[in-house]
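Chain and residue survey
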Amino acid sequence: MTIAERAFKFGDDINTDYIISGKYKFKSTDMDDMATHAMEELDPDYFAKVKPQGGILVAGRNFGMGSSREQAPLVLIHSNTKAVLAKSFARIFFRNAINTGLPVVECDTDLIDDGDELALDLEAGVVHDHTKGIDVPFAPLPPVMATLLADGGLVEHFRKHGGFAL
Amino acid sequence: MSEIAGKTIAEKILSAHAGMDARAGDIVVADVDFVMGQDGTSPLAIRAFERMGAEGLFDPKKVALVIDHSSPSPLEGVSALHTIMREFGKRTGAKVYDIGCGVCHQLIPEQGHVVPGDLMVGCDSHTCTYGALNVFSTGVGSTDGAAAMAAGKLWFKVPETIRVVAEGELPPGSFSKDLVLHLAGRLGADGATYKSLEFSGSTIDDLSVEARMTISNMAIEMGAKAGLMRADAKTLAWYEGRGERTPAPVDPDLDAVYCDEVPLDARTIGPHVAKPHSVDNAAPIEEVLGTPIAQGFLGTCTNGRFEDLAIAAGILAGRKVADGVRFIVAPASRRIYLDAMEAGLIQTLVEAGAAVVTPGCGPCVGTHNGVPSDGENVISTANRNFKGRMGNSNPFIYLASPATVAASVIEGAIADPRQYFEGGER
């Protein structure tokens, strides 16, 4: 699967309160509504910019640190964020992203800038940065996680197999 | 005699629950002993559970849902989410702890749902708290929680372990919170990501079970998957009268392999604070003394236990909260609330000027019960000080021990608690 989108660049240690503040999380389970607040602490226009055309969120170290809220990957999905690239991820966010079907890739993001046109090839393990004319390689996901992501997340995996088939 | 290296607590508990020899780096599917969700995460878990087509819980006695994050409900939208949880409980037999029962991470061990040697998951990042009780407990998202509720198992990557060895006695006025804030400052917010922490040493041995829980609670603030400790005589004594399950303590092997070792000299760790807006922005209290505060908060899964209330009440007895300062107290559970009332602690705190709210998470997580105003400084016993954490993006949150919070609300500024303890400086 290749995901071709524009890069939206953020820094290190983006915590789940920045992705979606707790004050919204507890109000409902309507992710389309909640998604309008995605990343607003860091960029109040994130939703408005990413929603029409889609995008790939690019970050530094420790993306998704903090709470276990699954609303974090869900609001990104519902804001039309197609994937997240980061130098490293907090582990609960990483699991939640795979479980909800949001591709997450650990790679060197230093050379990628905001607005770059990217093409992410999950199987080949490479991000093409067309703006810069560079390729950033990454290690493909371990088989268990690749299976869950390919199935469209853990719910779809259960629907397909009636339980864990890993 | 086997020449294969020994195992950490994490490797042993995961091996036992996966039915295989599991080592750091392996991915295993393991049976879980308990699954928990709270009101910020359970509604999504219930939705995922239903979408999975699950017919029922793997074992109704091993699932609990706790209404603690917005409790009692401050909004009609939240009320609807609580209803979803209550109805799920009726339908499936899952235990629902309703408003007033307390914070999930106090209730789950307090009610004896987990015992040493267990593997459990909770839909809340601070589920790592029960590591202090020798439980491999870790936070997961709602979909993982749903899968575990349905199947009674989940996949785990067996983590590498960082061994933290704390030796010596904490100085008077310093507590386990100060030790873990200091450690978070040293390791950083991602210093233990994908890994487990295993705490040992004479400092840990000397701490009460409650004080140990404060340390394990904050393992996630360094990115850790778990914050494990051995179960000793104190742990087993703590379990007296808490349910019918039998603890099966797991010790690390003497030749267990650790990816790193962090020595801590507790004798040198004075009161610490985490400055805004990250937990690893830790500093000795001297750096921030005199910073004016508008609000103090005593409570949470980190520091809302009996001992924490007792320490604060000890300092506030016969004294008053400064004019212009709001002091909010939330006992971590109903049982703690009752015990604190019986011991006179609530009387002391309220006489000093505290506003006591329902046991729960509201002030910490910003849902209700004390959202600070723009530009205000807050000193809190919680575990997170991220921007927006308490329900508003524009205050400045400092994290500290119950003693430091109590000393600070008296002065209306961040104050050194050592003045109230033997060997105090003033």
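Residues numbered from 1 in each chain as written. Chains lettered and ligands numbered in written order. Predicted model: local features only at pLDDT ≥ 70, side-chain atom pairs only at ≥ 80, totals over all residues.

Concerning the overall build of chain B
Looking only at helices and strands, chain B features 15 helices and 18 strands. For 426 residues, the compact-globule estimate of 2.2 N^0.38 gives 22 Å, and the C-alpha radius of gyration of chain B, at 21 Å, lies within 12% of that figure. In terms of overall dimensions, chain B has C-alpha extents of about 60 × 55 × 40 Å along its principal axes. The proportion of buried residues among the 426 residues of chain B is 62%. The contacts of chain B with a sequence gap of at least 6 include a subset with a gap of at least 24, amounting to 77%. (Helix = DSSP H or I, 4+ residues; strand = E, 2+ residues; numbered from the N terminus. Rg over C-alpha atoms; globule rule 2.2 N^0.38 Å. Buried ≥ 20, exposed ≤ 12 C-beta atoms within 10 Å, placed from the backbone. Contact = placed C-beta atoms within 7 Å.)

Some details on the overall build of chain A
Within chain A, the secondary structure is distributed over 8 helices and 7 strands. By the compact-globule yardstick of 15 Å for 166 residues, chain A fits well, its C-alpha radius of gyration being 15 Å. Summarising its shape, the C-alpha atoms of chain A cover approximately 45 × 35 × 25 Å along the three principal directions. Out of the 166 residues in chain A, the part that is buried amounts to 50%. Taking as baseline every contact in chain A between residues at least 6 positions apart, the subset at least 24 positions apart corresponds to 65%.

Re the sheet that holds strand 3 (residues 81–86) of chain A
Residues and elements named next belong to chain A. Pairing within the open sheet is mixed, and its 7 strands lie in the order 4-3-2-1-5-6-7. Taken across any chain shown, the strands that pair with only one partner, and hence form the sheet edges, are strand 4 (104–106) and strand 7 (134–137). Taken over all neighbouring pairs, the strand axes of this sheet differ in orientation by 30° on average, direction set aside. The pairing of strand 3 with strand 4 spans 3 bridges and is classified as parallel. Looking at the pairing, Ala86 lines up with Glu106 of strand 4. (Pairing = 2+ DSSP bridges. Axes fitted to C-alpha atoms, helices over the stretch in contact; angles between N-to-C directions.)

Topic: helix 11 (residues 306–316) of chain B
Residues and elements named next belong to chain B. Counting buried positions over the 11 residues of helix 11 gives 8, a clear majority of the element. Turning to helix 11, its buried residues are Phe306, Asp308, Leu309, Ile311, Ala312, Ala313, Ile315 and Leu316. Residues of helix 11 that are buried make contact with helix 8 (209–217), strand 14 (295–299), helix 10 (300–303), helix 12 (334–342), helix 13 (345–352) and helix 15 (402–411). Looking at the residues trailing helix 11, positive phi occurs at Gly318, about 75°.

Focus on the sheet that holds strand 11 (residues 260–265) of chain B
Residues and elements named next belong to chain B. In spatial order, the strands read 10-9-8-11; together these 4 strands make up an open sheet with parallel pairing. Lying at the two open borders of the sheet, with one neighbouring strand each, are strand 10 (226–228) and strand 11. Taking the axes of each pair of neighbouring strands and ignoring which way they run, one obtains an average angle of 20° across the sheet. Against the sheet, helix 1 (residues 9–18) contacts strand 8 (161–167), strand 9 (196–200) and strand 10, and its axis sits at roughly 105° relative to strand 10.

Description of the domain arrangement of chain B
Residue and element names in this part refer to chain B. Splitting chain B by domain gives domain 1 (10–157), domain 2 (159–230 + 255–270) and domain 3 (273–418). Using only C-alpha atoms to locate each centre, domain 1 and domain 2 end up separated by 24 Å. Facing 15 residues of domain 1, the contacting portion of domain 2 comprises 19 residues. At 4 residues, the largest contribution of residues to the side of domain 1 that touches domain 2 is made by strand 6 (residues 136–139). Here the residues of the side of domain 1 that touches domain 2 sort into 5 nonpolar, 9 polar and 1 charged. (Domains from an automatic or database assignment. Nonpolar A, V, L, I, M, F, W, Y, C, P; charged D, E, K, R; others polar.)

So, the packing of helix 2 (residues 42–51) of chain B against helix 5 (residues 142–151) of chain B
For any two helices packed against each other, the geometry is given by the interaxial angle and the distance between the axes. Residue and element names in this part refer to chain B. Contact geometry of helix 2 with helix 5 gives a least axis separation of 8 Å together with a crossing angle of 55°. By the criterion of interaxial angle, the relationship of helix 2 to helix 5 is oblique. When the axes of helix 2 and helix 5 are compared, the crossing they make is right-handed. Seen from helix 2, the contacting residues are Leu44, Ala45, Ala48 and Phe49; seen from helix 5, they are Ser142, Thr143, Gly145, Ala146, Met149 and Ala150. Across the contact of helix 2 with helix 5, the residue classes break down as 7 nonpolar, 3 polar and no charged. (Parallel < 35°, antiparallel > 145°, perpendicular 65-115°, else oblique. Left-handed = near helix turned anticlockwise from the far one by under 90°.)

Looking at the confidence of the model for chain B
Predicted confidence across chain B gives a mean pLDDT of 96, with 98% of residues reaching 70 or more. ipTM for the predicted complex: 0.92, alongside a pTM of 0.95. (pLDDT = per-residue confidence, 0-100.)

Observations regarding the interface of chain B and chain A
With 46 residues of chain B in contact, the opposing surface of chain A contributes 38 residues. Secondary-structure elements contributing two or more residues to the side of chain B that touches chain A are strand 1 (27–31), helix 2, helix 3 (76–92), helix 5 and strand 7 (153–157) of chain B. Classifying every residue of the side of chain B that touches chain A gives 17 nonpolar, 19 polar and 10 charged.

What about the pairing of strand 15 (residues 326–330) of chain B?
Residue and element names in this part refer to chain B. Along strand 15, 4 of the 5 residues are buried, which leaves the element largely enclosed by surrounding structure. Strand direction decides the pairing type here: strand 14 and strand 15, joined by 5 bridges, are parallel. The residue of strand 15 that forms the bridge with Gly296 is Phe327. Inspection of the sheet shows strand 15 paired to strand 16 (residues 355–356) by 2 bridges, in the parallel sense. Residue Val329 lies in a different strand from strand 16, and its bridge partner there is Val356.

Side note on the environment of Lys61(B)
The topology assignment puts Lys61(B) in the loop between helix 2 and strand 3 (63–66). A sequence separation of 229 residues divides Lys61(B) from Gly290(B), and the C-alpha atoms of the two residues are 50 Å apart.

A closer look at the pairing of strand 2 (residues 34–38) of chain B
Residues and elements named next belong to chain B. Judged by how many residues are buried, strand 2 sits mostly within the fold: 5 of 5 residues are covered. Residues of strand 2 alternate between two faces, with Phe34, Met36 and Gln38 on one and Val35 and Gly37 on the opposite face, all of them buried. Here strand 2 pairs with strand 3 via 4 bridges, running parallel. Following the sheet pairing, Met36 is matched in strand 3 by Ala64. Each parallel crossover has a hand, and for strand 2 linked through helix 2 to strand 3 it is right-handed. (Right-handed = clockwise from strand over helix to strand, strands pointing away.)

Focus: helix 3 of chain B
Residues spaced three or four apart along an α-helix face the same direction, because each turn holds 3.6 residues. All names here are of chain B. Here helix 3 is 17 residues long and its end C-alpha atoms lie 24 Å apart, about the 24 Å a rise of 1.5 Å per residue gives. Residues Val78, Leu81, His82, Met85, Phe88 and Gly89 constitute the buried set of helix 3. Take helix 3 and look down its axis: the buried residues cluster within an arc of 115°, on one side only. Relative to its buried face, helix 3 has exposed residues pointing more than 90 degrees away, namely Glu76, Ser79, Thr83, Glu87, Lys90 and Arg91. Considering only its buried residues, helix 3 is in contact with helix 2, strand 3 and strand 4 (95–97). Of the residues one or two after helix 3, Gly93 is the one with positive phi, at around 90°. (Expected span 1.5 Å × (residues − 1). Arc of directions from axis to C-beta.)

A look at the environment of Asp255(B)
Residues and elements named next belong to chain B. Topologically, Asp255 is positioned in the loop between helix 9 (233–238) and strand 11. For the pair Asp255 and Gly6, spaced 249 residues apart in the sequence, the C-alpha separation amounts to 4.9 Å. With sequence-adjacent residues up to four places away left out, Asp255 is seen in contact with Ala5 and Gly6.

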